[in-house]
Amino acid sequence: MASYTEYDAAGVQLKEDLEDTMWRDISPEETPVMTLSQQQTANQKLTEWLQIEKRAAGANAQIEGADNPAATGHTPTRLSNYQQILQETAQVSSSQEAAENAGISSQMAEEIAMKTVELRTDCEFAAVGSGRQAGAAGSNAVARQMKCLQDQLDASVTTDNGAGGTLTEASVLDNHQKIRTKGGGKDLVMVIPVAAALDVAQFVSSVAGEQAGRRRDQAMDTTLVNAVEVYQTPWGTITMVVDDFIDSNSAILMDPEMVAMKYAQPFESKPLSEGGFYSKRGLQVECTIASLNTFASGLIDHIHT
């Protein structure tokens, strides 16, 4: 008599071998500009702040006993950016929420968690992403938009990388020098697109780098390293950070103390009206990015054109 086999039982009595784990999506979700920036609150749709500059150093020799020179004041500059509303919606049927699911205890909780990450990456994209978003006041029919960080930085701290399709070391040095000339910080974070990380690696591994006598600090001789995470220039230290969402044609030398995410409404979720047997929650954040001082961070433009 033939044995009763698994093939006979398939689709009838065998349980599925479904792992009780939900392996997360590996799509990029790190948001370095948002994370490293100052976290501040705002209370108007047009968020404004003041920037003030001291005069340049110069000769100052006065005659003994003479009156003091005439006073000259320091008039601040008013800067601004619009608050942008970003939203997502999570909706799950009552049947799906009641069902026993593999890998998760609640479909709604999973939807909220995923959509919160998506909102954060949308914020990062609005702040520094492709297309370099222009600010817009909006109307009853048009959404407000924040102006991207790149377009808030002063022209005097902008370096044009020029043609060639590669971020050059000369451009990085030029930009850092421009920032220091304006009095900017010594220690900066350089936010670069994924492809530009290879360009930075060539600062050392290139023939010119080897001829200049530069070597990486390697803890293990058996490890081949082709990355630059910290770059020391004559004006200070630059820490390299890769951003999956930054415009692929620009790199930002950022002073985290002088960039802020300003929130009119922080990340939140709340129940929405329901018309049937389902749960519906809205997720929202209202925020903008602010270059608190337009000379403190720098832009390297046209790095891949």
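Scroll up for the structure.
Residues numbered from 1 in each chain as written. Predicted model: local features only at pLDDT ≥ 70, side-chain atom pairs only at ≥ 80, totals over all residues. Heavy atoms only, no water.

### Remarks on the overall build of the chain
Item 1. Counting its regular elements, the chain contains 7 helices and 12 strands.
Item 2. Going through the 305 residues of the chain one by one, you find that 36% of them count as buried.
Item 3. Summarising the internal contacts of the chain: among those between residues at least 6 apart in sequence, 77% fall at separations of at least 24.
Item 4. Carbon and sulfur atoms provide 51% of the accessible area of the chain, an area that totals close to 18,400 Å². (Helix = DSSP H or I, 4+ residues; strand = E, 2+ residues; numbered from the N terminus. Buried < 20%, exposed > 50% of the residue type's maximum accessible area, 1.4 Å probe, protein only. Contact = heavy atoms within 4.5 Å. Areas by Shrake-Rupley, 256 points an atom, 1.4 Å probe, with all protein chains shown as cover.)

### Details of the packing of aromatic side chains
Item 1. Taken as a whole and judged by the stated rule, the model has 2 aromatic pairs.
Item 2. Where Phe-203 meets Tyr-231, the ring centres are 5.6 Å apart and the plane angle is 55°; that geometry is what we call tilted. Residue Phe-203 is located in helix α6 (residues 196-205), and its partner Tyr-231 is located in strand β7 (residues 230-233); the two are separated by 28 residues in the primary sequence.
Item 3. The class for Phe-203 is buried, based on a relative accessible area of 4%.
Item 4. Taking relative accessible area as the criterion, Tyr-231 reaches 9% and is therefore assigned buried.
Item 5. Between the aromatic rings of Tyr-263 and Phe-267, the centroid separation amounts to 6.3 Å while the plane-to-plane angle is 55°, which identifies the pairing as tilted. (Phe/Tyr/Trp six-rings, centres within 6.5 Å; stacked < 30°, edge-to-face > 60°.)

### Quick word on the sheet that holds strand β12 (residues 298-301)
Item 1. Pairing is mixed across the open sheet formed by 6 strands, whose spatial order is β5-β12-β9-β6-β8-β7. Of all strands in the sheet, those bounded by a partner on one side alone are β5 (158-160) and β7. Each strand axis lies, on average, 20° off the axis of its neighbour in the sheet, ignoring direction.
Item 2. Bridging between strand β6 (residues 188-192) and strand β8 (residues 236-242) involves 5 bridges; their strand directions are parallel. Each bridged residue has a counterpart across the sheet, and for Leu-188 the counterpart in β8 is Ile-238.
Item 3. Helix α5 (residues 169-181) rests against β5, β6, β7, β8, β9 (250-254) and β12 of the sheet, and its axis sits at about 160° to β5. (Pairing = 2+ DSSP bridges. Axes fitted to C-alpha atoms, helices over the stretch in contact; angles between N-to-C directions.)

### A look at the sheet that holds strand β10 (residues 259-271)
Item 1. Overall, mixed pairing links the 4 strands, which are arranged β1-β10-β11-β4 in an open sheet. Every interior strand has two partners, whereas the edge strands, β1 (38-41) and β4 (84-93), have only one. Neighbour-to-neighbour, the strand axes of the sheet open up by a mean angle of 30°, direction not taken into account.
Item 2. Note: β4 against strand β11 (residues 278-291), 10 bridges, orientation antiparallel.

### Let's talk about the pattern of salt bridges
Item 1. Counted under the stated rule, the structure contains 8 salt bridges.
Item 2. The closest approach of N and O atoms between Lys-115 and Glu-88, which form a salt bridge, is 3.4 Å. Of this pair, Lys-115 sits in helix α4 (residues 107-128) while Glu-88 is found in strand β4, placing the two residues 27 residues apart along the sequence.
Item 3. When its relative accessible area of 24% is taken as the criterion, Glu-88 is described as partly exposed.
Item 4. A salt bridge links Glu-286 to Arg-144; the shortest N-O distance between them is 2.5 Å. In this pair, Glu-286 is assigned in strand β11 and Arg-144 in the loop between α4 and β5, connecting sequence segments 142 residues apart. (Salt bridge = Lys/Arg side-chain N within 4 Å of Asp/Glu carboxyl O.)

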